[in-house]
Amino acid sequence: MIKLEGVSKIYPGGIVALRKVDLEIAPKEFVTLVGPSGAGKSTLIKLIIREETPTEGKIYVGGKDISTFKPWELPYLRRRVGIVFQDFKLLREKTAYENVAFAMEMCGLPTSQIMEDVPNVLKIVGLLDKAHHFPHQLSGGEQQRIALARALIHRPDILIADEPTGNLDPINAWEIIQLLIKINELGTTLILATHNKEMVNLIKKRVVTIKEGQIVRDEEEGQYII
């Protein structure tokens, strides 16, 4: 599903974010990325979603080398990879339904499909009853669920969650983690980047530890050990 071969990323000024990284993530796998701030986790995510390109090495998603993609090829990647951030990035003037529908509208999808798909994905995240609430009427956990629904609306093969619980209290954070596990069990490849040691150790999935731009540990049912 995802394969990195000898990937390095060096920013202007000689700042090394990643150094000779090799990583494979299989279809339907749940992988947690951990490591201290500045270790290279965010850079790795930006490379997978093609916000950045590697200084050297190759990155494959679904068998295609995305590091060579031209601008007109990027929609292929955007459909295959959904992403959720710590900041929910919801449109404040739109309801929960409208926030999710907007992602489909931007792709020019027909109204009939939007009316069918949006309620379905809101049901998956457990917020169909809040479809017509605005973000300020929702709790932080509910807002993150809407962000998840928006990321899922194109039925991506891969979902990347970058610190999705960073702004949540422990109860809401665990609910989001349980939802991510459910999404993974439905067949979506899941990549979770987090600093939350307790959550990582509870999940008991594969843990990839990044430190100073390199993978220093890769364990099945791993622990957050720095």
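Further up the page is the structure itself.
Sequence positions are assigned chain by chain, starting from 1 and proceeding in written order. Predicted model: local features are reported for residues with pLDDT of at least 70 only, side-chain atom pairs are reported and counted for 80 or more only, and whole-chain, interface and lining totals are derived from all residues. Only hydrogens and water are set aside; all other atoms, that is, all heavy atoms of the structure, feed into the side-chain values.

As for the sheet that holds strand β2 (residues 15–25)
Spatial ordering of the open sheet is given by β2-β1-β4-β5, a layout of 4 strands whose pairing is antiparallel. Since the sheet does not close on itself, it has two edges, and those belong to β2 and β5 (64–65), each with one partner. Note on pairing: two strands pair once DSSP finds at least 2 bridges between them. The helix count covers DSSP runs of H or I at least four residues long, the strand count covers runs of E at least two residues long, and both are numbered beginning at the N terminus. Bridge count between strand β1 (residues 2–11) and β2: 7 bridges; the pairing is antiparallel. Among the inter-strand pairings, I2 is bridged to a residue of β2, identified as I25.

Focus on the nonpolar core
Here, nonpolar core refers to any group of buried Ala, Val, Leu, Ile, Met, Phe, Trp, Tyr and Cys residues whose side-chain atoms link them within 4.5 Å. The rule is simple: take the accessible area with a 1.4 Å probe, protein chains only, and divide by the maximum for that residue type; under 20% is buried, over 50% is exposed, in between is partly exposed. In this structure, V118, L148, L159 and L180 are the most contacted members of the largest nonpolar core, which totals 39 residues. Elements supplying a minimum of two residues to this core: α3 (96–105), α4 (111–124), α5 (140–152), β7 (158–162), α6 (170–185), β8 (189–193) and α7 (197–203). Looking at this core element by element, the count peaks at 7 residues for α6. Counting residues in each nonpolar core, the second largest holds 28 residues, with I2, L77, A193 and I210 among its members.

A short note on the sheet that holds strand β6 (residues 81–85)
Reading across from one edge, β6-β7-β8-β3-β9-β10 is the order of the 6 strands in this open sheet, with mixed pairing throughout. With one partner strand each, in any of the chains shown, β6 and β10 (214–219) form the two edges of the open sheet. Each strand of the sheet is rotated relative to its neighbour by a mean of 20°, with strand direction disregarded. Inspection of the sheet shows strand β3 (residues 30–34) paired to strand β9 (residues 206–211) by 4 bridges, in the parallel sense. When the bridges of β9 are listed, T32 appears paired with V207. For helices, the fitted axis covers only the stretch in contact; all axes are lines through C-alpha atoms, and the angles between them, taken along N-to-C directions, range from 0 to 180 degrees.

Overview of the side chain of D162
Examined against the element boundaries, D162 turns out to sit in strand β7. When charges are counted, Lys and Arg contribute as positive and Asp and Glu as negative, whereas His and the chain ends are disregarded. For salt bridges, the criterion is a side-chain nitrogen of Lys or Arg within 4 Å of an Asp or Glu carboxyl oxygen. Buried charge D162 goes without a salt bridge, the closest partner of opposite sign being K41 at 7.1 Å. Not counting residues up to four positions away in its chain, the partners in contact with D162 are S42, I45, V84, F85, Q86 and A193. By definition in these notes, contact holds between two residues if any of their heavy atoms fall within 4.5 Å.

Description of the pattern of salt bridges
This model, assessed by the stated rule, comprises 10 salt bridges. Between K130 and E142 there is a salt bridge, with the nearest N and O atoms lying 2.6 Å from each other. Here E142 lies in helix α5 and K130 lies in the loop between α4 and α5, a separation of 12 residues in the sequence. E142 shares its class with K130; the two are buried.

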